[in-house]
Amino acid sequence: MPSFSDIANLLRPRFEDELFDFLRIPSISTLPEHKPDIARAAEFAKQQLLVAGLEAVELIEGSGHPLVYGEWLGAAGKPTVLLYGHYDVQPVDPLDQWDSPPFEPTVRDGQVYARGASDDKGQVLANIKALEALRQAHGELPVNVKFLIEGEEEVGGEMIASYVATNKERLAADAALVSDTAMYAAETPTICTGLRGMVYTEWLATGAERDLHSGLFGGVAPNAVFGLVELLAKCKDASGRVLIPGFYDRVREPSSAEKASWERIPFDEDKYRRTEVGASTLTGESGYSVFERLGARPTFEVHGIPGGFTGPGAKTVIPASAAAKVSARLVPDQDPEEILSLMQDFAAANAPAGIEVEVRLIHTAPATLAPTDHPAISTAARALEEVWGSETVFIRSGGSIPVVGDFQEHLGIPTALMGYGLPDDALHAPNEKFSLRNFHMGIASTARFLELLGQAERN
Ligand code: BES
Ligand code: MN
Ligand code: MN
């Protein structure tokens, strides 16, 4: 009988072709004109679950982009794993910085370049293909699986949160598996133990009733753009500390064991600055290491400030309104709702005279921390170690995956974050890529994880 790796080797070329087909679909969730592509990507994911041999496969339509669901519950007495991924992708701008078109997957040096290659199509497909290859090799799966794929991850969509909250029975599982993070470094198997949460908001500033001539009224009229910038400048000091009262009140210090484990991970700060950040200096709170600033400390960032005149040339105007997209990344135990109201109070109290600022919520997610002593997490680490042949490292990530908080809150299960991305995959940026080696190693890693989970119950 052929082994799992014989089968996986045999299927390699088709698995890659299917990855490229998935990557050709421009399923950008934030742009309304891509709605038909969202539908195509959902349908593609559904077909892939069917090909993998899952049952009860369906599209779940609702207020937002469809969810895709499938399950295989034929492993009586075995644990149940809930797998999750997302088929939506980020926009591609700035398009002129791509070396090959974002939706024409192109292989260079063993990496496939395309929007969504690493985040998350390549990774979610690796997990689907692990199931397909396991089924082909053994005729069955070693554990029960439920697979949920969403199309609104990149926009903080509400669909999946309400689906998880109202379908606890259907989604009941012993643990979740999510491949939507990155490895610490190439060939370094990694479990992500923490994700930051977030509060994403829009700050709407208004000054005078209408735009005004900056000569005829300059010196007497409030300027909404400048007022908003003044307010934002009061939110954080030059050393990176957020000045909104109460912002840090609930921040939990990482344990000394966790901090010590970060110190053992080899890290070259200068190389990181040059190759991964590409900036002349690193910023952020003094007194905290890069690992701490990325994983265990909250942030306050401005993403964009539309308002006033931004066209070519000059126009002398005092803008009556301005807006800013502002988000905070949160860490345990900060509460997103509480942080939102702290922001609102701060804006009300600190907007300059003549400027009113309304802070509107766009979406929230709580921070999560994996219970590293849970058997699903230690089994995941062991599977990675076996497949990659080196010790698994545990790191927190600065990114957010909102559903992981929903799995914890509503289903009471931990999530093993086994990511196969690489630090230079350029998520959300031009020339996003995914290593084809990691695609296949990911398939093997996920399969091994499920096999080990299936065996654990037997002993
Ligand atoms: N997969 C990423 C998050 C991620 C990447 C976590 C690498 C850890 C390592 C996810 O698709 C993402 O981009 N999330 C958004 C969430 C937001 C829109 C709610 C984020 O972090 O900005
Ligand atoms: Mn993702
Ligand atoms: Mn993303």
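Computed from a predicted model, the values in this text were never measured in an experiment.

Parameters at a glance
- Residues numbered from 1 in each chain as written.
- Chains lettered and ligands numbered in written order.
- Predicted model: local features only at pLDDT ≥ 70, side-chain atom pairs only at ≥ 80, totals over all residues.
- Heavy atoms only, no water.
- Core = buried A, V, L, I, M, F, W, Y, C linked by side-chain atoms within 4.5 Å.
- Buried < 20%, exposed > 50% of the residue type's maximum accessible area, 1.4 Å probe, protein only.
- Contact = heavy atoms within 4.5 Å.
- Helix = DSSP H or I, 4+ residues; strand = E, 2+ residues; numbered from the N terminus.
- Near = heavy atom within 4 Å.
- Polar contact = N/O pair within 3.5 Å; in protein donor to acceptor, adjacent residues only side chain to side chain.
- Areas by Shrake-Rupley, 256 points an atom, 1.4 Å probe, with all protein chains shown as cover.
- Nonpolar A, V, L, I, M, F, W, Y, C, P; charged D, E, K, R; others polar.

**Q** Can you lay out the nonpolar core for me, pointing to particular residues and giving the numbers?
**A** Of all hydrophobic cores here, the largest spans 66 residues; its most connected members are L54, F147, I149 and F449. Not counting residues up to four positions away in its chain, the partners in contact with F449 are L177, A376, T379, A380, A383, A416 and M418. Residues V199, L232, I244 and V357 belong to the second largest nonpolar core, which totals 30 residues.

**Q** Describe unusual backbone geometry, listing the residues and the values that go with them.
**A** The amide bond that connects D119 to the next residue, D120, takes the cis arrangement and shows omega of 5°. You can see D120 is positioned in helix α3 (residues 117–138). Omega for the peptide link from P332 to D333 comes to 0°, which places this bond in the cis form. Positionally, D333 belongs in the loop between β13 (321–330) and α10 (336–350). In this model, D109 sits at a positive phi of 55°, which is unusual for a non-glycine residue. Of note, E187 is a non-glycine position whose phi angle comes to about 65°, a positive value. By the secondary structure assignment, E187 is in the loop between β7 (175–178) and β8 (190–195). Judged by its relative accessible area of 34%, E187 is partly exposed.

**Q** So, the site of ligand 1: which residues are in play, and what are the values?
**A** With respect to spatial proximity, 17 residues lie near ligand 1, and among them E153, D180, R329, S400 and H428 are the closest. Here an oxygen atom of ligand 1 sits 2.9 Å away from a polar atom, N or O, in the side chain of H428. Its free accessible area being 520 Å², ligand 1 has 89% of it covered by the protein chains. Among the residues making up the shell around ligand 1, the classes are represented as five nonpolar, seven polar and five charged.

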